[in-house]
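Summary of structural features
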2 protein chains.
Amino acid sequence: MRKTNVITPFKKLSHVHQQCADSALSVAEETCNSRGVRLTKLRRRVLELVWSSHEPIKAYDILDILRNERSGSAPPTVYRALEFLQDEGMVHKIESLNSYVGCGAPAHNHASQFLICHSCGAVAEMDDIDIRNLIADKAADMGFKIDKEIIEVKGICSQCSGEYSSDKKC
Amino acid sequence: MRKTNVITPFKKLSHVHQQCADSALSVAEETCNSRGVRLTKLRRRVLELVWSSHEPIKAYDILDILRNERSGSAPPTVYRALEFLQDEGMVHKIESLNSYVGCGAPAHNHASQFLICHSCGAVAEMDDIDIRNLIADKAADMGFKIDKEIIEVKGICSQCSGEYSSDKKC
DNA sequence: AAAATATATGTTATATTATAACATAACAAA
DNA sequence: TTTGTTATGTTATAATATAACATATATTTT
Ligand SMILES: [Zn+2]
Ligand SMILES: [Zn+2]
Ligand SMILES: [Zn+2]
Ligand SMILES: [Zn+2]
């Protein structure tokens, strides 16, 4: 069994989140440049808002912020930006929460398994090849050809369960 | 690796669906009786509508039918019945489709992995212990304690991919 | 640079999904 | 049969998302 490929881990309280966001934004700019797609000011700002925490954010929460910044902001403003960002792999939708999280590895296409802490709300992302392979095998047994997997695991993260008592909050 | 526990397989065109529905309804009645909860006429009818096919059904499609049958039907009518049926394990929500499917094994609590054919819309349900264990192991590596897993796999079922050419449609 | 084209955003309206809150009815227990 | 409990009816509204068309901005071609 290979090691899990952790794309976005649960973070310690001590982590400097601005670094996550800055890093994501600059990877996004490079990636968009190399792909010849446009990370416009609006899209960049929406991505920034998605990265404002490690908790998934709702479209209308983004909209509430945008309305204070750009007149004429409306639902399509947000949904179109989110659609672009999802298409480019910068953002993933958490289906079970109708919410959106930033992707820690937007440059390459991948599957995702999300771990969602229902205590602190934080989301970790992995792309675990063992899980992918096992599901593919089991699906193949039933003659099913996979296009996309949605895996959203709910529970309690290590910070919230107090496993690391020196750093209680996520 | 154990054999996959298939709760609801993809069905052949030749299958008599009324049997699925009848069976589900009678298991539901027994299960509710033994639990001392009430499968009222309304709840029973909603379950029947959920079982009207192997494709997930939308709450408002149920409502459209109920409105022709019971005056006073309104969104809460449907959502309350669905909530009961979900709580009792008779129905599962497919989060990525905002839709509902009948469970083929409501009598005992289980995890689910859904295979969703985006050609014919049919949904198969499994509870595969290997998948559950692997995800639990990987999550444990990250210090994460699982409460519930949402696994919705999109792709093409065997009937639609023509693997069984004698019985093309699901 | 100007015109033409393509892409992105603004704007208004509406569709879809889901819940809150309170009233009445049906059922179960005492 | 009265009392309490659970289920349903009813009205209203919240939350999530898309359609359709107008305008603006960016890119390419002339
Ligand atoms: Zn961070
Ligand atoms: Zn947590
Ligand atoms: Zn059937
Ligand atoms: Zn199919």
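Data block above holds the structure.
Computed from a predicted model, the values in this text were never measured in an experiment.

**Things to note about the overall build of chain A**
- Looking only at helices and strands, chain A has 5 helices and 6 strands in total.
- For chain A, whose C-alpha radius of gyration is 17 Å, the value lies close to the compact-globule estimate of 15 Å for 170 residues.
- By residue count, 49% of the 170 residues in chain A fall in the buried class.
- Considering only contacts in chain A between residues 6 or more positions apart, those separated by 24 or more positions represent 57%.
- In the structure as shown, chain A presents an accessible area of about 8,300 Å², 46% of it carried by carbon and sulfur atoms.
- Charged side chains in chain A number 22 positive and 23 negative. The centres of these two groups are separated by 3 Å.

**Points about the pairing of strand β6 (residues 145-156) of chain A**
- Note that strand β4 (residues 113-117) of chain A and β6(A) share 5 bridges and pair parallel. By the bridge assignment, A:Q113 is partnered in β6(A) with A:I151.
- Looking at chain direction, β6(A) and strand β6 (residues 145-156) of chain B are connected through 11 bridges and run antiparallel. Looking at β6(B), one finds that A:I150 is bridged to B:E152.

**Quick notes on the packing of helix α5 (residues 129-141) of chain A against helix α5 (residues 129-141) of chain B**
- Where α5(A) contacts α5(B), the two axes come as close as 10 Å, and the packing angle between them is 175°. Put simply, α5(A) runs roughly antiparallel to α5(B). On the side of α5(A), the interface is formed by A:D130, A:I131, A:L134, A:I135 and A:K138, while α5(B) contributes B:D130, B:I131, B:L134, B:I135 and B:K138.

**Looking at the protein's contact with DNA strand D**
- A:K58, A:Y60, A:K93, B:T40 and B:R80 are the nearest of the 20 residues found near DNA strand D.
- For DNA strand D, a phosphate oxygen lies 3.0 Å from a polar atom in the side chain of A:Y79.
- In the model, a phosphate oxygen of DNA strand D is placed 3.1 Å from a nitrogen or oxygen of the B:R43 side chain.
- Listed by contribution, the elements that provide at least two residues to the surface near DNA strand D are α4 (75-87) of chain A together with α2 (41-50) and α4 (75-87) of chain B.
- When the residues that make up the surface near DNA strand D are grouped by side-chain class, the tally is 8 nonpolar, 4 polar and 8 charged.

**What to know about the coordination of the zinc ion (ligand 1)**
Residue and element names in this part refer to chain A.
- Only H15 (NE2), H17 (ND1), C20 (SG) and H54 (NE2) from the protein reach the zinc ion (ligand 1) as donors, at distances of 1.9 to 2.3 Å.
- Coordination at the zinc ion (ligand 1) is tetrahedral: its 4 donor atoms span angles of 104 to 115° at the metal.
- The exposure class assigned to H15 is partly exposed, which follows from its relative accessible area of 25%.
- According to the relative accessible area criterion, H54 is buried, its value standing at 13%.

**Some points on the protein's contact with DNA strand C**
- With respect to spatial proximity, 20 residues lie near DNA strand C, and among them A:T40, A:R80, B:K58, B:Y60 and B:K93 are the closest.
- In the interface set of DNA strand C, defined as its atoms within 4 Å of the protein, sugar plus phosphate atoms amount to 58%.
- Interatomic distance of 3.2 Å between a side-chain N/O atom of A:R43 and a phosphate oxygen of DNA strand C.
- A:R80 has a polar side-chain atom sitting 2.6 Å from a base nitrogen of DNA strand C.
- For the surface near DNA strand C, the secondary-structure elements that each account for two or more residues are α2 (41-50) and α4 of chain A together with α4 of chain B.
- Ranked by residue count, the leading element in the surface near DNA strand C is α4(B), at 4 residues.
- For the surface near DNA strand C, the per-class residue count stands at 8 nonpolar, 4 polar and 8 charged.

**Some points on the coordination of the zinc ion (ligand 2)**
Residue and element names in this part refer to chain A.
- For the zinc ion (ligand 2), the full set of protein donor atoms is C117 (SG), C120 (SG), C157 (SG) and C160 (SG), at a range of 2.3 Å.
- Since its relative accessible area comes to 1%, C117 is described here as buried.
- For C160, a relative accessible area of 25% puts it in the partly exposed group.

**Concerning the interface of chain B and chain A**
- Listed per partner, the contact involves 41 residues of chain B and 42 residues of chain A.
- Roughly 3,400 Å² is buried in total at the junction of chain B and chain A, and carbon and sulfur atoms are behind 66% of that figure.
- The three residues of chain B that bury the most area against chain A are B:K138, B:M142 and B:F144, which together make up 22% of that side's buried surface.
- Along the contact surface separating chain B from chain A lie 4 salt bridges.
- A:D130 serves as the salt-bridge partner of B:K138, at 2.6 Å between the closest nitrogen and oxygen.
- Inspection of the region where chain B meets chain A yields 16 residue pairs in polar contact (both at pLDDT 80 or more).
- When contributions to the side of chain B that touches chain A are tallied by element, the ones reaching two or more residues are β4 (113-117), β5 (123-126), α5 and β6 of chain B.
- A total of 12 residues in the side of chain B that touches chain A trace back to one element, the largest contributor, which is β6(B).
- Its residues placed into classes, the side of chain B that touches chain A shows 21 nonpolar, 7 polar and 13 charged.

**Let's talk about the side chain of B:Q113**
- Its location among the elements puts B:Q113 in strand β4.
- Excluding anything up to four places from it in sequence, B:Q113 contacts B:A124, B:E125, B:M126, B:D127, B:D128, B:I131 and B:I151.

Rules used in this analysis
Residues numbered from 1 in each chain as written. Chains lettered and ligands numbered in written order. Predicted model: local features only at pLDDT ≥ 70, side-chain atom pairs only at ≥ 80, totals over all residues. Heavy atoms only, no water. Helix = DSSP H or I, 4+ residues; strand = E, 2+ residues; numbered from the N terminus. Rg over C-alpha atoms; globule rule 2.2 N^0.38 Å. Buried < 20%, exposed > 50% of the residue type's maximum accessible area, 1.4 Å probe, protein only. Contact = heavy atoms within 4.5 Å. Areas by Shrake-Rupley, 256 points an atom, 1.4 Å probe, with all protein chains shown as cover. Lys, Arg positive; Asp, Glu negative; His and termini not counted. Charge placed at Lys NZ, Arg CZ, Asp CG, Glu CD. Pairing = 2+ DSSP bridges. Axes fitted to C-alpha atoms, helices over the stretch in contact; angles between N-to-C directions. Parallel < 35°, antiparallel > 145°, perpendicular 65-115°, else oblique. Near = heavy atom within 4 Å. Polar contact = N/O pair within 3.5 Å; in protein donor to acceptor, adjacent residues only side chain to side chain. Nonpolar A, V, L, I, M, F, W, Y, C, P; charged D, E, K, R; others polar. Donors = N, O, S within 2.8 Å, 3.2 Å for Na, K, Ca; no water. Tetrahedral: all angles 85-135°; square planar, octahedral: opposite > 155°, others 65-115°. Buried area = accessible area lost by both parts, 1.4 Å probe. Salt bridge = Lys/Arg side-chain N within 4 Å of Asp/Glu carboxyl O.

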